[in-house]
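The lines below spell out each chain.
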Amino acid sequence: MLTDTHCHLDLPAGKAGMIRDIKIELLRAKEAGVTTIINVGTSIDASRKSIEIAEGTDLVNVYATCGIHAQEGPKDIKKYGPNFIDELKKVAQSSKKVVGIGECGMDYFLEKTDQGPATSEDQKKAQRELFEAQIKLAKELDLPLIVHCRNAWDDTFALLFPFFGRSTKKGVFHSWTGNWEQAKKALDLGFYISFSGIVTFKNAGQISQVAKMVPEDRILVETDSPFLSPVPLRGKTNEPKNVRITAQFLADLRNLPFDRISDITGDNAKKLFGI
Ligand SMILES: [Zn+2]
């Protein structure tokens, strides 16, 4: 039941922008016991590609999500105009393989974008508007939300609480990097918390503390491949099969058998994404 709840098979890997052999990666994932993969959209075009990948294989159960990452917002708005969200909606409604909206959210760590430093007030405002538009789309389509949050906790919770405080359809904070105080807020909101290879890094003490304490019915595991390879593959191109390494790390951390963490995270993914 091993499930990689967040990866980007559509994105090029490594600095050279190498195109990956998706079929080989899926075969290796299958051999490693991965039964389900969620390929996450980062732009309108990437969301379309995610669907193509999900529909184009039966090696592993692959699903897609549709969203616009903070970093891609300015490019998509330029390309698709002020009604870009209608285009995203069209893509999201085009396939039964779509199980979520995102990834979206705020990243105040981005160093520079077309508009200058990401931490400028204008840039923050643009990120908030892009995020809010996708929160509304998730509510409208009744799909869970995949949230990316980096150095933007207060603004993220301020936006999410009014929309999700009482809702039954929730979402996930992917590749968790926050502390326990922030995790408690995410849990209060009813959201899931997903751990990527970052939790295995030696300097990730705060993150592994959270990974130890998240209740069993809210924990997920992911690769975020091609990024964030877990130790001992840190620095190499990541792929879905490596979700096994992070799941094993979580099992050791929580003193549980591997199969148990695999089943818990797989069941949680099924519940959240309705798959
Ligand atoms: Zn991602």
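As shown above, the structure is provided for reference.
Residues numbered from 1 in each chain as written. Predicted model: local features only at pLDDT ≥ 70, side-chain atom pairs only at ≥ 80, totals over all residues. Heavy atoms only, no water.

A. Region of interest: the coordination of the zinc ion. Protein-derived ligands of the zinc ion are His 6 (NE2), His 8 (NE2), Glu 103 (OE) and Asp 224 (OD), with the metal-ligand distances lying across 2.1 to 2.3 Å. Considering all four donor atoms around the zinc ion, angles at the metal cover 84 to 174° and the coordination shape is irregular. (Donors = N, O, S within 2.8 Å, 3.2 Å for Na, K, Ca; no water. Tetrahedral: all angles 85-135°; square planar, octahedral: opposite > 155°, others 65-115°.)

B. The arrangement of the state of the cysteines in detail. Scanning the model with the defined rule gives zero disulfides in all. In this structure Cys 104 is not part of a disulfide, and its nearest cysteine sulfur, from Cys 149, lies 11 Å away. Residue classification places Cys 104 among the buried residues on the basis of a relative accessible area of 1%. Cys 149 gets classed as buried once you look at its relative accessible area, which sits at 8%. (Disulfide = S-S within 2.5 Å. Buried < 20%, exposed > 50% of the residue type's maximum accessible area, 1.4 Å probe, protein only.)

C. Layout of the sheet that holds strand β3 (residues 61–66). Across the sheet, which stays open at both edges, the eight strands sit in the order β1-β2-β3-β4-β7-β8-β9-β10 with parallel pairing between neighbours. Here the strands that pair on one side only, and so sit at the sheet edges, are β1 (2–7) and β10 (219–221). Averaged over neighbouring strand pairs, the angle between their axes works out to 30° when direction is ignored. Two strands pair when backbone bridges link them, and strand β7 (residues 145–150) and strand β8 (residues 171–173) are joined in this way by three bridges, in the parallel orientation. Residue pairing across strands places Ile 146 opposite Val 172, the latter belonging to β8. Set on the sheet, helix α10 (residues 258–273) makes contact with β1, β2 (34–40), β4 (98–107), β7, β8, β9 (192–195) and β10; between it and β10 the angle comes to about 100°. (Pairing = 2+ DSSP bridges. Helix = DSSP H or I, 4+ residues; strand = E, 2+ residues; numbered from the N terminus. Axes fitted to C-alpha atoms, helices over the stretch in contact; angles between N-to-C directions. Contact = heavy atoms within 4.5 Å.)

D. Structural detail: helix α4 (residues 84–92). Taken as a whole, α4 has its buried residues at Phe 84, Glu 87, Leu 88, Val 91 and Ala 92. Along α4, the residues classed as buried sweep out an arc of 140° about the axis, all on the same side. (Arc of directions from axis to C-beta.)

E. A look at the environment of Thr 168. You can see Thr 168 is positioned in the loop between α6 (153–164) and β8. When its relative accessible area of 79% is taken as the criterion, Thr 168 is described as exposed. Through-space distance from the C-alpha of Thr 168 to that of Gly 190 is 8.3 Å; in sequence the pair is 22 residues apart.

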